[in-house]
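# Structure assessment
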Amino acid sequence: MHVMRCKLSFLVLISTALAMMGCGGGGGGGSSYSPETVWQTGYCSMTAASSTLTYRTTWGASPQFSSQVIQVLSSTGSVVRSDSINRDTTIFSEINITQIPAGVYEVKVRLFSQANAGGVELATARAIVDLCAGGSGGVNRTVSTKFDETASSVNMFPSSARMIQQQSLRFVAHAKSSSGNAAFVDPEGFDWETLGGIGTVNEEGNFTADSAGTGQVKATLKNTALSAAAGIEVDEFIVEKKKWTILVFLNSANDLYSFSDLNVNQMEKVAGNPDVRFVVQWKQTRDVYPSSSFDGVRRYLVKEDQSPEI
């Protein structure tokens, strides 16, 4: 599905307002698959089933009655699934988090000094998992940690991005040990900065594109020389004037969510009309309907796409 997210500072419709609503089945436009695209759009364009995350941890020298909270986070930082484990003097623990909707996620593991997430947060580990590419059969991904291992490298996800002025995107910096496990680091994690004067980034890795050009978002693991950077290309935001702007408020945070892909696909098929553009505010909820395309409220400027496939 070829849609472009943008921030809008206007609501234009002078002569006629048209609302597109309806039911049906079908999908939007297809494109070559990449986890980075799924992360940036928040939309798993492949037909993929819910999947399972297996989490394994070796407690090592962590406190005898410590605990861990495992969170599966979307590209916007919202918690899609979560679970927890207590050490209870064990050496090794494993849990399965099931029925995770298709998508690309950050797995965030928080280690606490006492049971049931009590005491103080001692360390945090992060990893990226692709649960979109599993197809109709779903997929099982595994994330492993070991408390005693130190970070030997830092990775950035996505590793690159192309954006438009005013767009925002959350980047995730995650440390790995020499064995390939997700490494526990200080809860405060990383120092963030931008290079090239193209925008700003906060301490959570949320980047906002301010100026057209090329640059980087860089994260450095605190108190180390380990770092990673993502290359970013920012295109100028150009306002296109049309005779008609059709504003569509598509509320599919309900049992009609499966039809909303069709509605957007219908708009894509006629979006090539030089006199008309479609601006869609689209809502879905994975908390209630896990098979929804995404979670939250998004605003899109629809682009022409004649493909009948999602």
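Residue numbers run consecutively from 1 along every chain, following the written order of its sequence. With pLDDT at 70 or above as the cut-off, local features in this predicted model cover only qualifying residues; side-chain atom pairs require 80 or more to be listed or tallied, and sums for whole chains, interfaces and linings still use all residues. Only hydrogens and water are set aside; all other atoms, that is, all heavy atoms of the structure, feed into the side-chain values.

The next subject is the pattern of salt bridges. In what follows, salt bridge is the name for a side-chain nitrogen of Lys or Arg lying within 4 Å of a carboxyl oxygen of Asp or Glu. Under the counting rule described, the total for this entry stands at seven salt bridges. Notably, a salt bridge pairs Glu94 with Arg56, separated by 2.9 Å at the nearest N-O pair. Note that Glu94 is positioned in strand β5 (residues 92-100) and Arg56 in strand β2 (residues 51-58), a separation of 38 residues in sequence. Close ionic contact of Glu106 with Arg126 constitutes a salt bridge, the shortest N to O distance being 2.9 Å. Separated by 20 residues along the polypeptide, Glu106 in strand β6 (residues 104-114) and Arg126 in strand β7 (residues 118-130) bring together distant segments of the chain. The network of salt bridges with common partners includes Glu106, Arg126 and Arg170. In this description a helix means any DSSP run of H or I spanning at least four residues, a strand means any run of E spanning at least two, and both kinds are numbered starting from the N terminus.

Close inspection of predicted coordinates is inappropriate for parts of the model with low pLDDT. Of the residues in the chain, 87% have a pLDDT of 70 or more, and the chain-wide mean is 86. Known as pLDDT, the predictor's confidence for each residue is given on a scale from 0 to 100. Residue contacts are defined here by distance: any two heavy atoms, one from each residue, within 4.5 Å place the two residues in contact. This model gives residues 1-31 a pLDDT under 50, and the stretch forms 89 contacts once residues within four places in sequence are excluded.

So, about the sheet that holds strand β13 (residues 190-195). The pairing criterion is simple: DSSP has to find at least two bridges between the two strands. The mixed open sheet is built from four strands, whose spatial order is β10-β17-β16-β13. Each of the sheet's edge strands pairs with one partner strand only, and the pair in question is β10 (160-164) and β13. Strand-to-strand, the axes of this sheet are offset by a mean angle of 20°, without reference to chain direction. As judged from the eight bridges shared by strand β16 (residues 213-221) and strand β17 (residues 227-235), these two strands associate in the antiparallel manner. Across the sheet, the residue bridging to Ala219 is Ala228, located in β17. Every axis in this analysis is a line fitted to C-alpha atoms, fitted for helices over the stretch in contact. Angles between the N-to-C directions lie between 0 and 180 degrees.

On to unusual backbone geometry. At the junction of Phe157 and Pro158, the peptide bond is cis and its omega measures out at -10° in the coordinates. For Asn223, which is not glycine, the phi torsion reads 65° and is therefore positive. On the secondary structure map, Asn223 appears in the loop between β16 and β17.

With that settled, the discussion passes to the sheet that holds strand β3 (residues 67-73). Think of a sheet as strands paired side by side through backbone hydrogen bonds, with each pair either parallel or antiparallel. An order of β4-β3-β6-β7 is seen for the four strands of this open sheet, with the pairing classed as antiparallel. Single-partner strands in this sheet number two, and they are β4 (79-86) and β7. For this sheet, the mean angle separating the axes of adjacent strands, direction not counted, is 15°. For β3 and β4, the ladder comprises seven bridges, and the chain directions are antiparallel. Note that in β4 the partner of Ser67 across the bridge is Asn86.

Together, Asp186, Glu188, Glu203 and Glu204 give the surface a local cluster of negative charge. Note on placement: Asp186 falls in the loop between β12 (172-176) and β13. What goes into a patch is any residue over 30% in relative accessible area without a salt bridge, connected to like charges within 9 Å or, for nonpolar side chains (Val, Leu, Ile, Met, Phe, Trp, Tyr), within 5 Å. The Shrake-Rupley method, run with a 1.4 Å probe, gives the accessible areas here. Residue values count only the displayed protein chains as cover. When charges are counted, neither His nor the chain ends are considered; positive counts come from Lys and Arg and negative counts from Asp and Glu. All charge positions are set by atom: Lys at NZ, Arg at CZ, Asp at CG, Glu at CD.

Here we come to the nonpolar core. Within soluble globular proteins, side chains that are nonpolar generally end up buried alongside one another. In these notes, a set of buried Ala, Val, Leu, Ile, Met, Phe, Trp, Tyr and Cys residues joined through side-chain atoms within 4.5 Å is what counts as a nonpolar core. Relative accessibility under 20% of the residue-type maximum defines a buried residue, over 50% an exposed one, and the middle range a partly exposed one, all with a 1.4 Å probe and only protein chains included. Formed by 31 residues in total, the largest nonpolar core has its most connected members in Met156, Phe171, Trp192, Phe207, Val217 and Ile232. For this core, the secondary structure elements donating two or more residues are α1 (35-41), β9 (153-157), β10, β12, β13, β15 (206-209), β16 and β17. The dominant element in this core, judged by the number of residues it contributes, is β17, at four residues. Every residue in contact with Met156, bar those within four places of it in the chain, is listed here: Phe171, Val172, Ala173, Trp192, Val217, Lys218, Ala219, Ala228, Ala229 and Ala230. Counting 23 residues, the second-largest nonpolar core is a separate cluster that includes Leu53, Leu131, Val139 and Phe184.

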